[in-house]
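This is what each chain is made of:
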Amino acid sequence: MNAQLSFEGVEVRLGRRVIVSGVTFELGEGEVMALCGPNGAGKSTIARAAAGLLPASAGSIRLRGSALRSVPPGDRARICAYVAQQPAAPPGFAVRELVALGRLPHLGLFGAESEKDRATVEQAMERAGVSSLGARPIGELSGGEQQRVSIARALAQEPRLLILDEPTSNLDLRFQASILGLVWRLSRDEGLAALVVIHDLSLAALFCDRLLLLAEGRVAGYGPPAEVLTAPLLVRTYGTPLRVLPHPERLSPVVVHSLAGHPQIANQGGEA
Ligand code: ADP
Ligand code: MG
């Protein structure tokens, strides 16, 4: 496996607080990894550190085998694209202009867009389902549409490593499946490595090869989704009653809430 990104014993501090520690994983070419865990567990912190936006205070982060902090920003931008949990979008920008920003790391000396740049922007917009929005000002779009525009910008960057922080949080069911299906397909067809922060464990199990479960800044589970997503571990990690069922179509866990903590609702009937 060709590691695009590796974390070894990584600790990240913000101010004086240790936010994550002892985080170790390897993300290879052609692989999709889900990063899951409760609110405040440190998922976004890991995503930002992986994108080179936060330094590790201990341990090492490597991008294609080189210490991440030694990779020049221009090279890094040609390898890695990152979509923040709440991407800042200049409201006056038209969708197509924003997506075209993804080409910046690839433009030549004079910054002129080539035919290939334009084609890549069009393809990225189509893949993210925003082709019909090209001329619209970004500030007028719904949260889910904005989220897909940010993903299109990242795709236009033609990264080898894609880091998405909660890409599906504002998306309807169709776009949840289409965005994650797209990431999965790019991993298989083009060898893309993807790190996806996601709350929906069942969705993660369907579309990701491996899952890292984070709890209070530490790795609580790491491996194939079916191995990590067990009821005892999830109940302990999230502190709420949950059940794990088999997916009807494949060997993939589906995580649902249990009403064990809500006896009044459970007693109202409707049980199977
Ligand atoms: P997640 O994405 O898993 O919800 P984050 O990585 O955003 O969690 O945050 C992890 C923890 O770090 C949270 O407790 C949050 O309050 C804390 N945190 C985030 N930013 C800062 C900061 N700038 N200074 C101190 N603590 C922070
Ligand atoms: Mg977050």
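Because the structure is a prediction, the values reported are computed rather than measured.

**What to know about the sheet that holds strand β10 (residues 218-223)**
- The mixed open sheet is built from six strands, whose spatial order is β6-β7-β8-β3-β9-β10. Unpaired on one side and paired on the other, β6 (80-83) and β10 mark the two borders of the sheet. Mean inter-strand twist for the sheet, computed between neighbouring axes without regard to direction, equals 15°.
- Strands β6 and β7 (161-165) of the sheet are contacted by helix α5 (residues 143-156), whose axis makes an angle of about 175° with β6.
- Against the sheet, helix α9 (residues 231-238) touches β3 (32-36), β9 (210-215) and β10, its axis set at about 35° to β9.

**Notes on the site of ligand 1**
- Inspection of the region around ligand 1 gives L14, R17, I19, P38, N39, G40, A41, G42, K43, S44 and T45 as its neighbouring residues.
- G40 has a polar backbone atom sitting 2.7 Å from an oxygen atom of ligand 1.
- G42 places a main-chain nitrogen or oxygen 2.9 Å from an oxygen atom of ligand 1.
- When ligand 1 is considered free in solution it has 570 Å² of accessible area, and contact with the protein chains removes 61% of it.
- Mapped by element, the contributors of at least two residues to the shell around ligand 1 are β2 (17-28) and α1 (43-50).
- No other element matches the three residues that α1 contributes to the shell around ligand 1.
- Class assignment for the residues of the shell around ligand 1 results in four nonpolar, five polar and two charged.

**Considerations on the packing of α5 against helix α6 (residues 173-190)**
- Packing of α5 against α6 leaves a shortest axis separation of 12 Å and a crossing angle of 10°. Relative to α6, the element α5 is oriented roughly parallel. Taking contact as the criterion, the partners of R148, I151 and L155 in α5 are, on α6, F175, I179, L182 and L186.

**Observations regarding the pairing of β9**
- Among the six residues that make up β9, five are buried, leaving the element largely enclosed by the rest of the structure.
- In this sheet, β9 lies alongside β3 in parallel orientation, the contact comprising four bridges. If you follow C36 over to β9, its bridge partner there is L213.
- Sheet topology note: the β9/β10 ladder contains five bridges and is antiparallel. What sits directly across from L214, in β10, is V219.
- Connecting β9 to the next strand, β10, in antiparallel fashion are two residues, including E216 with a positive phi near 50°.

**Here's the deal with the pairing of strand β4 (residues 58-63)**
- As paired elements, strand β1 (residues 3-14) and β4 share five bridges and run antiparallel to each other. Its bridge partner lying in β4, E11 is registered against A58.
- Here two bridges tie β4 to strand β5 (residues 66-67), and the two strands are oriented antiparallel to one another. Paired with R62 across the bridge in β5 is A67.

**Looking at the coordination of the magnesium ion (ligand 2)**
- Here the magnesium ion (ligand 2) is held by S44 (OG) and Q85 (OE1), and the distances to it run 2.0 to 2.3 Å. Taken together, the residues S44 in helix α1 and Q85 in the loop between β6 and α3 (95-100) connect sequence positions 41 residues apart.

**A short note on the sheet that holds β5**
- Spatially, β2-β1-β4-β5 is the arrangement adopted by the four strands of the open sheet, whose pairing is antiparallel. With one partner strand each, in any of the chains shown, β2 and β5 form the two edges of the open sheet.
- Lying on the sheet, α1 is in contact with β1, β2 and β4; it crosses β1 at an angle near 120°.

**Here we look at α5**
- With 14 residues, α5 ought to run about 20 Å at 1.5 Å a step, and its terminal C-alpha atoms sit 20 Å apart, in line with that.
- The buried count for α5 comes to ten of 14 residues, which makes it a mostly enclosed element.
- Along α5, the residues classified as buried are G144, Q147, R148, V149, S150, I151, A152, A154, L155 and A156.
- Of the residues trailing α5, E158 is marked for its positive phi of about 50°.

**Section: α1**
- Most of α1 sits inside the fold, with six of its eight residues counted as buried.
- If you check which residues of α1 are buried, you get K43, T45, I46, A47, A49 and A50.

**Details of the pattern of salt bridges**
- Within this structure, the stated rule accounts for twelve salt bridges.
- Two residues, R103 and E158, come together in a salt bridge whose shortest N-O distance is 3.1 Å. In this pair, R103 sits in the loop between α3 and α4 (115-127) while E158 sits in the loop between α5 and β7, placing the two residues 55 residues apart along the sequence.
- R103 sits in the buried class, given a relative accessible area of 3%.
- Its relative accessible area of 33% is what places E158 among the partly exposed residues.
- Note that E158 is salt-bridged to K116, the shortest N-O span being 2.6 Å. Of the two residues, E158 sits in the loop between α5 and β7 while K116 sits in helix α4, which places them 42 residues apart along the sequence.
- Taken together, the shared-partner salt bridges in this structure form one network comprising R103, K116, D117 and E158.

Cut-off values and rules
- Residues numbered from 1 in each chain as written.
- Chains lettered and ligands numbered in written order.
- Predicted model: local features only at pLDDT ≥ 70, side-chain atom pairs only at ≥ 80, totals over all residues.
- Heavy atoms only, no water.
- Pairing = 2+ DSSP bridges.
- Helix = DSSP H or I, 4+ residues; strand = E, 2+ residues; numbered from the N terminus.
- Axes fitted to C-alpha atoms, helices over the stretch in contact; angles between N-to-C directions.
- Contact = heavy atoms within 4.5 Å.
- Near = heavy atom within 4 Å.
- Polar contact = N/O pair within 3.5 Å; in protein donor to acceptor, adjacent residues only side chain to side chain.
- Areas by Shrake-Rupley, 256 points an atom, 1.4 Å probe, with all protein chains shown as cover.
- Nonpolar A, V, L, I, M, F, W, Y, C, P; charged D, E, K, R; others polar.
- Parallel < 35°, antiparallel > 145°, perpendicular 65-115°, else oblique.
- Buried < 20%, exposed > 50% of the residue type's maximum accessible area, 1.4 Å probe, protein only.
- Donors = N, O, S within 2.8 Å, 3.2 Å for Na, K, Ca; no water.
- Expected span 1.5 Å × (residues − 1).
- Salt bridge = Lys/Arg side-chain N within 4 Å of Asp/Glu carboxyl O.

Interpretation in functional terms is not warranted from these geometric data alone.
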